[in-house]
Amino acid sequence: MKRLEDLISSAKTMHDRYAAGRMEREIVRQWVLGLGGYPEPHASAIREAGTWFKPPREDVEATELKIADLSKLAAIYRM
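Residues numbered from 1 in each chain as written. Predicted model: local features only at pLDDT ≥ 70, side-chain atom pairs only at ≥ 80, totals over all residues. Heavy atoms only, no water.

Mind laying out the packing of aromatic side chains, listing which residues take part and the relevant values?
Following the criterion strictly, the structure yields zero aromatic pairs and no others. The ring of Y18 carries K66 above its face, with NZ or CZ at 4.9 Å from the centroid. (Phe/Tyr/Trp six-rings, centres within 6.5 Å; stacked < 30°, edge-to-face > 60°. Lys NZ or Arg CZ within 6 Å of the ring centre and 35° of its normal.)

Could you give an account of the nonpolar core, naming the residues involved and the relevant values?
Counting residues in hydrophobic clusters, the biggest one holds 21 residues, and the most contacted among them are V28, W31, V32, L73 and I76. When residues of this core are traced back to their parent elements, those giving at least two are α1 (4-19), α2 (25-33), α3 (42-53) and α4 (62-77). For this core, the element with the highest residue contribution is α4, accounting for six residues. (Core = buried A, V, L, I, M, F, W, Y, C linked by side-chain atoms within 4.5 Å. Buried < 20%, exposed > 50% of the residue type's maximum accessible area, 1.4 Å probe, protein only. Helix = DSSP H or I, 4+ residues; strand = E, 2+ residues; numbered from the N terminus.)

Please give an account of α4 that cites residues and values.
Taking 1.5 Å per residue, 16 residues should reach 22 Å; α4 reaches 23 Å between its end C-alpha atoms and fits that length. Every buried residue of α4 is accounted for by L65, D69, L70, K72, L73, A74, I76 and Y77. Where α4 is buried, its residues contact α1, α2 and α3. You can read the cap of α4 off the contacts: a side-chain oxygen lies 3.2 Å from the backbone nitrogen of T63, and it is on E61. (Expected span 1.5 Å × (residues − 1). Contact = heavy atoms within 4.5 Å. Polar contact = N/O pair within 3.5 Å; in protein donor to acceptor, adjacent residues only side chain to side chain.)

Given below as C-alpha cells:
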C-alpha cells in the first residue's frame, strides 16, 4: 500500500496544474488510470475517477469535460 499523504499531495498537484492549464488531460488521465490500491474512502473516489477517465470522452463539450475532470480529481483528496 502506498502512503496516503503522497496520494493527497499528488492529486492536489495534478488538480492545480490541470486547472491552471499547465497540464494536458491525457497526462491526468494516465495518472488516474495508473493509481494503485488505497484504503477507503480514497479507494471509491479512485475507482470512480478511473471509470470516468477510461474512455476518451470526445462526446462531451471541452468546458464541461474539464469541470467534471477536476471534480473527480478533487474527490480523491477531499476525504
